[in-house]
Amino acid sequence: MTSFTETSDADTATGWWKAWQELLASMRFAIALLTVICIASVIGTVLKQHEPFPNYVNQFGPFWAEVFNALNLYSVYSAWWFLLILAFLVTSTSLCIARNTPKILTDLKVYKESIREQSLKAFHHKAEGAVADAPEAAAHRLGQLLATGGWKVKLQSREAQGGTGWMVAAKAGAANKLGYIAAHSAIVLVCLGGLLDGDLIVRAQMAFGGKSVYNGGGLIADVPVQHRLSERNPTFRGNLMVAEGTASSTAILNQSDGILLQELPFTVELKKFIVEYYSTGMPKLFASDIVIHDKATGDKQEARVEVNKPASYKGIEIYQSSFDDGGSRVKLQAVPMAAASKPFEVEGVIGGSTELTNGNDKLRLEFTGLRTINVENFAGQGSGATDVRAVDLRQNIESRLGAGHKTATKKELRNIGPSVSYKLRDAAGQAREYNNYMLPVDMGDGQSVFLLGVRENPGESFRYLRLPADENGAMDGFVRLREALQSAPLRQLAVQRYARNAVDPKRPELTQQLADSAARALGLFAGLEQVQGKPVAGLQAVADFMEANVPEAERSRAGEMLIRILNGVLFELDAVAREQAGAKALPQDKIQGFMSQSVLALSDAPLYTAPMALMLKDFTQVQASVFQVARAPGKTVVYLGCALLILGVFAMLYVRERRLWISLAPAGTGSTALMALSSNRKAMDTDREFEQLKDRLLPTPQAPENAA
């Protein structure tokens, strides 16, 4: 006969539910969740969060930028999967607490006084002895001794051979198991606090409250109400930028695809922003003197906000986050970098823009930044190698030993003055960013230069064109020389003058030959000829010409001669340009530095693609303070969780749970005693404590002295 066992759907469902509970409450599952959270936290720390998406495209490329965006790695702590993992961790730990807490609390009440004597003999820490008292008296005496030592004691009488025996059961270190509950509860509290202070409530308002992300432009006052969160929003964390002399009551909450506006129940007015710098140019202190205006009552409260010293009002913390430009006014002088450009002045406000036109050519000028202090290191950079033949071997070795903060590189920090940054955007929307310094900078070779930086995208570093400053510390000398290089009559005049001055009067037949060579060199340098079928200018044109037309064996000598001719004719061109402009001749002590740097700058100038360089002429700085405003109800919960975590970990690591039993049986007028000790951890302290308890509770009887 064959029998079949039928399993109902209810039993199957119950089995699946129990298995699911076991998984959620298991330690392996919780550890796996904690591992994922740790990895996500590392990613969120290393990778800048809530940056504009084009920045990530520039950093990682289009493919990986899209992959990381799909995984929400640009907003890890508000990603749906991160919040889901936190929720699972809370559930798992809560189930673990719910399952084990009743057992722990029950175990704390139990003394296990009914343990058998045979079981005590199997313990690692055990001892036998005899006491002079009867079992009951001995039990009360030993119990009192243990109680005075901090043990909790329970006595039990039991039947034994020869009469009534007693069991002394004691326990200590119950805080060890309470530490387990405290540590696990701390994890739940910290996660709940993180969920409360995260984007969970904001996302809930977006999902069920009709709120949506705003990704347009314009003024804050013009943003529709569906993109604004109420003053009663229970939790938020946003940024508030306030310029000196102005006030604001609307914070910005950055989202992955736009922003949300958070209305505050008060207005923050910035009276003064204070910033101090280290010698390295890094901010040493920045603080804000503010006035808080209550919207409901009109009350005013003055406060100073510094880094790590926030102000608090109506449960909202105001932190000093950073500082920015608050709309400084700048006046820029356009220096022509192309023949079709003319000098002009333009004024604007940092953060604003204006249109520039030249016939049909249109550019949008965007004023992006003003820095009044730029501290750079001008110390010479050595190779860093140690020459064992040098007399300073000991100094070189000692410079690399000792404290970790020592460095073998000397620093020569110098403030090189204000700089302005801007963008020029064409009709197609493509933009290049420029960063120009207001004052000429001596780079260490005695010739001051103006630094003009350019880059194609924010992910690159600026590449600087160095234009020499003339004897008056201005760019006029270089601009005049560059304009002369583009003028055919002035080039011809400079060539003739150079040939006439360079040729021996006794050999006039060489004048025309030298003039032809000088004209060819100057034409190549000015970019008037194509070399190997492509337009090129500067020293690169001369090098390409030599490579294409001069045998390799003769290039070195021919190149030196051609460069010497080029330097000479450029010097004459500068002299001609000065005469045409009515300027004084270049001083003798300035000729070499100015002309050497001019040759390099003229050679690199075609790489500076803008038609003009906008130099900072004047400015009026307006500082702005960036605050982080936060209403964080989960902060107290997190603090409580941290306190419980400290107490719990301390209790589990440093408190040992111990249990002690002493079985007393009658033996004549006294008693025999069997003592055993158990501990939840094997340690030398347990061995030491057992020996002390044995000596105290079961002292070895002293042998009687022999009679004399």
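Rules used throughout
Residues numbered from 1 in each chain as written. Predicted model: local features only at pLDDT ≥ 70, side-chain atom pairs only at ≥ 80, totals over all residues. Heavy atoms only, no water. Helix = DSSP H or I, 4+ residues; strand = E, 2+ residues; numbered from the N terminus. Buried < 20%, exposed > 50% of the residue type's maximum accessible area, 1.4 Å probe, protein only. Areas by Shrake-Rupley, 256 points an atom, 1.4 Å probe, with all protein chains shown as cover. Lys, Arg positive; Asp, Glu negative; His and termini not counted. Charge placed at Lys NZ, Arg CZ, Asp CG, Glu CD. Axes fitted to C-alpha atoms, helices over the stretch in contact; angles between N-to-C directions. Parallel < 35°, antiparallel > 145°, perpendicular 65-115°, else oblique. Left-handed = near helix turned anticlockwise from the far one by under 90°. Contact = heavy atoms within 4.5 Å. Nonpolar A, V, L, I, M, F, W, Y, C, P; charged D, E, K, R; others polar. Patch = residues over 30% accessible without salt bridge, like charges linked within 9 Å, V, L, I, M, F, W, Y side chains within 5 Å. Salt bridge = Lys/Arg side-chain N within 4 Å of Asp/Glu carboxyl O. Pairing = 2+ DSSP bridges. Phe/Tyr/Trp six-rings, centres within 6.5 Å; stacked < 30°, edge-to-face > 60°. Lys NZ or Arg CZ within 6 Å of the ring centre and 35° of its normal. pLDDT = per-residue confidence, 0-100. Core = buried A, V, L, I, M, F, W, Y, C linked by side-chain atoms within 4.5 Å. Polar contact = N/O pair within 3.5 Å; in protein donor to acceptor, adjacent residues only side chain to side chain.

**Q** Hey, could you run me through the overall build of the protein chain in this one?
**A** In terms of regular secondary structure, the protein chain is built from 18 helices and 28 strands. Over its C-alpha atoms, taken along the principal directions, the protein chain stretches across nearly 145 × 80 × 80 Å. Here the protein chain holds 708 residues, and the buried ones make up 39% of them. A total accessible area of about 40,300 Å² is found for the protein chain, and carbon and sulfur atoms account for 55% of it. When the 74 basic and 72 acidic side-chain charges of the protein chain are each reduced to a single mean position, those positions are 5 Å apart.

**Q** Quick question: what am I supposed to make of the packing of helix α12 (residues 488-502) against helix α15 (residues 555-581) here?
**A** The angle between the axes and the distance between the axes are what describe a pair of packed helices. It is at 8 Å that the axes of α12 and α15 come closest, and there the two elements cross at 120 degrees. If you check the angle between α12 and α15, you find them oblique. Here the hand of the crossing between α12 and α15 comes out right-handed. Contact with α12, carried on its side by Leu 490, Arg 491, Leu 493, Ala 494, Val 495, Arg 497, Tyr 498 and Asn 501, involves Arg 564, Ile 565, Gly 568, Val 569, Glu 572, Leu 573, Ala 575, Val 576, Glu 579 and Gln 580 of α15 and no other residues of that element. Of the residues that constitute the contact of α12 with α15, the class distribution is ten nonpolar, three polar and five charged.

**Q** Would you mind going over the packing of helix α11 (residues 476-485) against α15 with me for this structure?
**A** Contact pair α11 / α15: the axes reach a minimum separation of 9 Å and the direction vectors enclose 105 degrees. Taken as axis vectors, α11 and α15 run roughly perpendicular relative to one another. From α11, Gly 477, Arg 480, Leu 481, Ala 484 and Leu 485 reach across to α15, where they touch Leu 570, Leu 573, Asp 574, Ala 577, Arg 578 and Ala 581. Its residues assigned to classes, the contact of α11 with α15 comprises seven nonpolar, one polar and three charged.

**Q** Could you clarify how one ought to interpret a nonpolar patch on the surface in this entry?
**A** Where nonpolar side chains cluster on the molecular surface, the patch consists of Leu 645, Val 649, Phe 650, Leu 653 and Tyr 654 and spans about 510 Å² of accessible area. With respect to the secondary-structure elements, Leu 653 resides in helix α17 (residues 634-654). Using a relative accessible area of 53% as the deciding quantity, one classes Leu 653 as exposed.

**Q** Hey, could you run me through the sheet that holds strand β25 (residues 612-620) in this one?
**A** By definition, the strands of a sheet pair up through backbone hydrogen bonds, in either a parallel or an antiparallel sense. Strands sit in the order β13-β12-β25 across an open sheet of three strands; the sheet is antiparallel. Taken across any chain shown, the strands that pair with only one partner, and hence form the sheet edges, are β13 (344-349) and β25. Ignoring which end each strand starts from, the neighbouring axes of this sheet average 30 degrees apart.

**Q** Can you walk me through the packing of aromatic side chains in this structure?
**A** Aromatic ring pairs: the centre-centre distance and the angle between the two ring planes describe each pair. Scanning all chains against the criterion turns up 16 aromatic pairs. Consider the rings of Phe 286 and Phe 323, whose centres lie 5.2 Å apart with planes at 65 degrees: the pair is edge-to-face. Of this pair, Phe 286 sits in strand β8 (residues 283-294) while Phe 323 is found in strand β11 (residues 316-325), placing the two residues 37 residues apart along the sequence. Between Tyr 437 and Tyr 464, the ring centres sit 6.0 Å apart and the planes meet at 45 degrees, which makes this aromatic pair tilted. Pair noted here: Tyr 437 is in strand β19 (residues 431-437) and Tyr 464 is in strand β22 (residues 463-468), with a separation of 27 residues, a long-range link. A relative accessible area of 6% means that Tyr 437 is categorised as buried. By relative accessible area, which is 35% here, Tyr 464 ends up partly exposed. Put simply, the rings of Phe 60, Phe 63, Trp 64 and Phe 68 pair up and form one aromatic cluster. Positioned above the aromatic ring of Tyr 111, the side-chain terminus of Lys 171 is 4.5 Å from the ring centre.

**Q** I keep staring at the pairing of strand β6 (residues 247-255) and nothing clicks. Help me out?
**A** Put simply, side chains in a regular strand alternate between the two faces of the sheet. When β6 meets strand β7 (residues 258-277), the two strands line up antiparallel, connected through eight bridges. Bridge pairing in β7 links Ile 252 to Leu 261. The turn joining β6 and β7, which pair antiparallel and follow one another in sequence, is formed by two residues.

**Q** When you look at the sheet that holds strand β2 (residues 152-160) in this model, what are you seeing that I'm missing?
**A** Pairing is antiparallel across the open sheet formed by five strands, whose spatial order is β1-β28-β27-β3-β2. Across the chains shown, the open sheet's two edge strands, defined by having one partner strand only, are β1 (125-131) and β2. Neighbouring strand axes in the sheet, compared pairwise and without regard to direction, differ in orientation by 20 degrees on average. One ladder, built from ten bridges, connects strand β27 (residues 658-667) with strand β28 (residues 670-679); its direction is antiparallel. Within the sheet, the bridge partner assigned to Ser 663 lies in β28 and is Leu 674. Together, β1, β2, β3 (163-172), β27 and β28 form the strand contacts of helix α7 (residues 135-148), whose direction differs from that of β3 by roughly 10 degrees.

**Q** Would you take a moment to explain the pairing of β28 for this structure?
**A** Summarising burial for β28: seven of the ten residues are buried, a large majority. As judged from the seven bridges shared by β1 and β28, these two strands associate in the antiparallel manner. When the bridges of β28 are listed, His 125 appears paired with Leu 677. With antiparallel pairing between neighbouring strands as the criterion, β27 and β28 make up a hairpin whose turn holds two residues, including Gly 668 at a positive phi of roughly 65 degrees.

**Q** Just checking my understanding: could you explain the confidence of the model for the protein chain for this structure?
**A** Close inspection of predicted coordinates is inappropriate in any region flagged by low pLDDT. For the protein chain, mean pLDDT is 85; residues scoring 70 or higher make up 91% of the total. Here residues 1-5 is a poorly scored stretch, pLDDT under 50, and it has zero contacts once near neighbours within four places are set aside; other chains count. Segment residues 703-708: pLDDT under 50, and zero contacts once partners within four positions in sequence are set aside and those in other chains are kept.

**Q** When you look at the environment of Ala 474 in this model, what are you seeing that I'm missing?
**A** In this fold, Ala 474 is placed in the loop between β22 and α11. Sequence-wise, Ala 474 and Ala 127 are 347 residues apart; in three dimensions their C-alpha atoms are separated by 98 Å. Those residues within four positions of Ala 474 in sequence are excluded, and the remaining contacts are Phe 450, Pro 468 and Ala 469.

**Q** Looking at this structure, how should I read the nonpolar core?
**A** Inside soluble globular proteins, nonpolar side chains tend to come together where they are buried. Formed by 65 residues in total, the largest nonpolar core has its most connected members in Leu 570 and Tyr 608. If you tally residues by element for this core, the top one is α15, at eight residues. Ignoring any residue separated from it by four or fewer positions in sequence, one finds Leu 570 in contact with Leu 481, Leu 485, Leu 522, Phe 525, Met 595, Val 599 and Leu 602.

**Q** Just to check I follow, could you spell out the side chain of Asp 470 for this structure?
**A** Mapped onto the secondary structure, Asp 470 falls in the loop between β22 and α11. The buried charged residue Asp 470 lacks any salt bridge partner; its closest oppositely charged side chain belongs to Arg 480, at an N-O distance of 4.9 Å. A polar contact of 2.9 Å, which involves the side chain of Asp 470, links it to the backbone nitrogen of Asn 472. When near neighbours in sequence (up to four residues on either side) are disregarded, Asp 470 contacts Asp 476, Gly 477, Arg 578 and Phe 594.

**Q** What is the right way to look at unusual backbone geometry in this model?
**A** The bulk of non-glycine residues show a negative phi, and the bulk of peptide bonds are trans. Positive phi, close to 60 degrees, is recorded for Asn 72, a residue that is not glycine. Checked against the element boundaries, Asn 72 lands in the loop between α4 (62-70) and α5 (80-109). A residue is classified by how much of its surface remains accessible, and Asn 72, at 21% relative accessible area, is partly exposed. Although it is not a glycine, Asn 308 adopts a positive phi angle of roughly 70 degrees. Within the element layout of this structure, Asn 308 appears in the loop between β9 (300-306) and β10 (311-313). Residue classification places Asn 308 among the exposed residues on the basis of a relative accessible area of 73%.

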